[in-house]
Amino acid sequence: MAMPKGNFLDIHFVSQALDYIQQGIHVVDTHGRTVLYNQKMRVMESMEDIDILDKRLLEVFKFFPDENSTLLQALTLKEPILNIKQTYFNVHGQEITTLNNTYPIWSKGEVVGAIEIAQDVSSREQLRINSASGTAELSSFDHWTGSSPLIEDMIFAGKQASNTKSMILLTGEAGSGKERLAQCIHVERGLGVHTFYSIDCRALTDDRFNELLNEYNDKKGRRELSTLFIDHIESLDLSLQKQLTDLLADWKATLRITNSPLYYPILTLSEDPVDAIQSGKLDKDLYYTMSEITIFVPSLRNRKKDIPELVTYFIDDFNSRFQTNIQGVTEEIIKLFSSYDWPGNVRELEHVMEASMFAMGQETLLSFTHLPHYFRLKFDDPMASKPALDSSAFMIREGKALQTLDAFLREAESYYIQKSLQYHDYNVTKTADALGMSRQNLQYRLKKNNVIRKK
Ligand SMILES: Nc1ncnc2c1ncn2[C@@H]1O[C@H](COP(=O)(O)OP(=O)(O)OP(=O)(O)O)[C@@H](O)[C@H]1O
């Protein structure tokens, strides 16, 4: 490749240029850490830079046990891996299918990284049958993990709803367990393991939505009752929401006449319906049509009593998947987990547990040092859940082990940005100006560093 004159071919230059390419581009270094990730890839994998940059692939994506990432294969085999279709899951548990051409990158006779050029084929496979992993297992109320009062109320409401023929709306934050609850209701209704169909509305076009509904009609046939689980309604275009309103209104009208549904719709919203209507994301008529029975799935921060039970559940689950024998976690971990707010809910806890167990050697008790690096950074002091604001807090402290330079620099960055924001009365434009960066860059850093933005 011809090199331009001057000093402008830096990583930001390259990354901006890659954003114009209509195929997903993902570049990792020799450790499998992401160094470049273009706009198309962000859309295909529903991820932001902050979720992925500088992180190892296996910290971020989950692959089936017998499949390895094509990027990691290209790194270890030191040869191109061509035309491979790969299905995997992002940190939010979303299933992604891509068709990849992956190449090692060489410098001075050594492999220094790998580049993947990917095409999205998930949209062709958005009608999932059964659970995300494609296995025959569905969750049931008999094995629900968590028994806090809010969960008891939710299970009670779920069981009552299962006794009706009505459509059901599940609301709750991302990762709180809505799909899991939908599966429990399906099982409680006595429906078969292969009759739980799900459509994820994120990134669906008009045509694709209709195609999926037709595919569903073809697949479900007329013999066995099924659930049609429509996930993330708020992501549908308003015109599609109108279509969905009509479909659900027809469904209700048929039920009134025949008193026996052809299928059971269960829908989800990951936002507060009132906020979503006010912000113009959710059609009011759709909301009224689908909200006959609404069940709220509580966020993990409002039911921290469930954390020890969930931790034990994930240890057992990953022990059996990874063939390990981890016995438990230290008390410090439970205290620390209970002091944290879990914005990504149970899914975030699941990922933290998975990454921590992955990092363990022969030890049988999971402790602070096993937690993923990015997660440890949130807890300068294992008992604190907010980044330090006192200038002395991120300096060298007596009786405390030195942190790595990388961790120190991140902390310093977070501290300096926070102070600058306070100084400029939380005005992002003025702060960005003063710090000599674009507004967009500052916003990215605010997110990256979990900086608190309001007084
Ligand atoms: N009670 C639970 N016990 C064990 N695992 C759970 C529980 N609740 C949720 N999970 C796990 O957490 C992850 C997120 O759950 P789920 O997909 O049901 O959430 P969601 O609310 O539908 O998320 P999203 O809105 O992002 O689609 C899944 O891997 C799920 O298996």
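Quick notes on the rules
- Residues numbered from 1 in each chain as written.
- Predicted model: local features only at pLDDT ≥ 70, side-chain atom pairs only at ≥ 80, totals over all residues.
- Near = placed C-beta within 6 Å.
- Helix = DSSP H or I, 4+ residues; strand = E, 2+ residues; numbered from the N terminus.
- Nonpolar A, V, L, I, M, F, W, Y, C, P; charged D, E, K, R; others polar.
- Domains from an automatic or database assignment.
- Buried ≥ 20, exposed ≤ 12 C-beta atoms within 10 Å, placed from the backbone.
- Pairing = 2+ DSSP bridges.
- Core = buried A, V, L, I, M, F, W, Y, C linked by C-beta atoms within 7 Å.
- Contact = placed C-beta atoms within 7 Å.
- Expected span 1.5 Å × (residues − 1).
- Arc of directions from axis to C-beta.
- Axes fitted to C-alpha atoms, helices over the stretch in contact; angles between N-to-C directions.
- Parallel < 35°, antiparallel > 145°, perpendicular 65-115°, else oblique.
- Left-handed = near helix turned anticlockwise from the far one by under 90°.
- pLDDT = per-residue confidence, 0-100.

- Where an unreviewed UniProt entry is consulted, the protein chain appears under the name Sigma-54-dependent Fis family transcriptional regulator, with the organism given as Jeotgalibacillus proteolyticus.

Thoughts on the site of the ligand
Alright, step 1. Taken together, the neighbourhood of the ligand is formed by 20 residues, with Thr-145, Ala-174, Gly-177, Lys-178 and Glu-179 sitting nearest.
Alright, step 2. Elements with a minimum of two residues in the shell around the ligand: helix 7 (178–188), helix 12 (307–322) and helix 14 (345–358).
Alright, step 3. Looking at the shell around the ligand residue by residue, the class counts come to 5 nonpolar, 9 polar and 6 charged.
Alright, step 4. Residues lining the shell around the ligand come from more than one domain, with at least three contributed by each of domain 2 (127–298) and domain 3 (303–385).

A look at the pairing of strand 8 (residues 168–171)
Strand residues, when the strand is regular, have side chains that alternate between the two faces of the sheet.
Alright, step 1. Of the two faces of strand 8, the one holding Ile-168 and Leu-170 and the one holding Leu-169 and Thr-171 are both buried throughout.
Alright, step 2. As paired elements, strand 8 and strand 11 (residues 264–269) share 4 bridges and run parallel to each other. Bridge pairing in strand 11 links Thr-171 to Leu-269.
Alright, step 3. Looking at chain direction, strand 8 and strand 12 (residues 293–296) are connected through 4 bridges and run parallel. What sits directly across from Leu-170, in strand 12, is Ile-295.

Some points on the environment of Leu-365
Alright, step 1. The residue Leu-365 is located in strand 14 (residues 365–366) in this model.
Alright, step 2. The sequence separation of Leu-365 and Val-329 amounts to 36 residues, and the corresponding C-alpha distance is 5.1 Å.

As for the nonpolar core
Alright, step 1. Counting residues in hydrophobic clusters, the biggest one holds 35 residues, and the most contacted among them are Ile-168, Leu-170 and Ile-266.
Alright, step 2. If near-sequence neighbours (up to four positions away) are discounted, Ile-168 is found in contact with Ala-161, Ile-185, Ile-266, Ile-293 and Ile-295.
Alright, step 3. Listed in part, the 20 residues of the second largest apolar core include Ile-307, Val-346, Val-352 and Leu-371.

Here's the deal with helix 9 (residues 238–258)
An α-helical segment advances 3.6 residues per turn. Residues three or four places apart therefore align on the same side.
Alright, step 1. Between the first and last C-alpha of helix 9 there are 30 Å, a value that for 21 residues agrees with the 30 Å anticipated at 1.5 Å per step.
Alright, step 2. Residues of helix 9 that are buried include every one of Leu-240, Gln-241 and Leu-244, and no others. One face of helix 9 carries all of its buried residues, which in axial projection span an arc of 100°. Those residues of helix 9 that are exposed and angled more than 90 degrees off the buried face are Leu-238, Ser-239, Asp-246, Asp-250, Ala-253, Arg-256 and Ile-257.
Alright, step 3. Among the structural elements, helix 8 (206–220) and helix 11 (284–290) are those in contact with the buried residues of helix 9.
Alright, step 4. Immediately beyond the C-terminal end of helix 9, within one or two residues, lies Asn-259, with a positive phi of roughly 60°.

Description of the pairing of strand 10 (residues 227–231)
Alright, step 1. Most of strand 10 is tucked away, with 5 of its 5 residues classed as buried.
Alright, step 2. On strand 10, burial covers both faces: Thr-227, Phe-229 and Asp-231 on one face and Leu-228 and Ile-230 on the other are all buried.
Alright, step 3. The sheet contact formed by strand 9 (residues 196–200) and strand 10 spans 5 bridges and is parallel. Residue Asp-200 lies in a different strand from strand 10, and its bridge partner there is Asp-231.

Considering the packing of helix 12 against helix 13 (residues 331–339)
Alright, step 1. At a minimum axis separation of 10 Å, helix 12 and helix 13 run at an interaxial angle of 120°. In terms of their interaxial angle, helix 12 and helix 13 are classed as oblique. The way helix 12 lies across helix 13 gives a crossing that is right-handed. Residues Ile-307, Pro-308 and Val-311 of helix 12 touch helix 13, and the partners they reach there are Ile-334, Phe-337 and Ser-338.
Alright, step 2. Classifying every residue of the contact of helix 12 with helix 13 by side-chain character gives 5 nonpolar, 1 polar and no charged.

So, the confidence of the model for the protein chain
Alright, step 1. Chain-level statistics for the protein chain give a pLDDT mean of 83 and a share of 85% at 70 or above.
Alright, step 2. Confidence drops under pLDDT 50 across residues 131–135; counting only partners more than four residues distant or on other chains, this segment forms 5 contacts.
Alright, step 3. Low pLDDT, under 50, characterises residues 381–393; the predicted model gives this stretch 24 contacts beyond four residues in sequence or across chains.
Alright, step 4. Reported for the predicted complex are a pTM of 0.63 and an ipTM of 0.98.

Thoughts on the sheet that holds strand 5 (residues 95–107)
Alright, step 1. Overall, antiparallel pairing links the 6 strands, which are arranged 2-1-6-5-4-3 in an open sheet. In the strand order of this sheet, the two ends are held by strand 2 (34–37) and strand 3 (62–63), each with one partner.
Alright, step 2. Where helix 5 (residues 70–77) meets the sheet, it contacts strand 1 (24–29), strand 4 (81–89), strand 5 and strand 6 (110–120), and its direction lies at approximately 25° from that of strand 5.

A closer look at the packing of helix 6 (residues 149–162) against helix 7
Alright, step 1. Running from N to C, helix 6 and helix 7 point in directions that differ by 45°, and their axes come no closer than 9 Å. One way to sum up the angle between helix 6 and helix 7 is to call them oblique. In terms of crossing hand, the pair formed by helix 6 and helix 7 is right-handed. Of the residues in helix 7, those in contact with Gly-158, Lys-159, Ala-161 and Ser-162 of helix 6 are Leu-181, Cys-184, Ile-185 and Glu-188.
Alright, step 2. Grouping the constituent residues of the contact of helix 6 with helix 7 by class yields 4 nonpolar, 2 polar and 2 charged.

Remarks on the environment of Ser-291
Alright, step 1. By the secondary structure assignment, Ser-291 is in the loop between helix 11 and strand 12.
Alright, step 2. As for Ser-291 and Ser-166, which are separated by 125 residues in sequence, their C-alpha atoms are 9.8 Å apart.

With respect to the environment of Ser-356
Alright, step 1. Turning to its location among the elements, Ser-356 is positioned in helix 14.
Alright, step 2. By C-beta crowding, Ser-356 is classed as buried, having 24 other C-beta atoms within 10 Å.
Alright, step 3. Residues Ser-356 and His-373, spaced 17 residues apart in sequence, show a C-alpha to C-alpha distance of 9.6 Å.
Alright, step 4. Those residues in contact with Ser-356 that sit more than four places away from it in its chain are Leu-366, His-370, Leu-371 and Pro-372.

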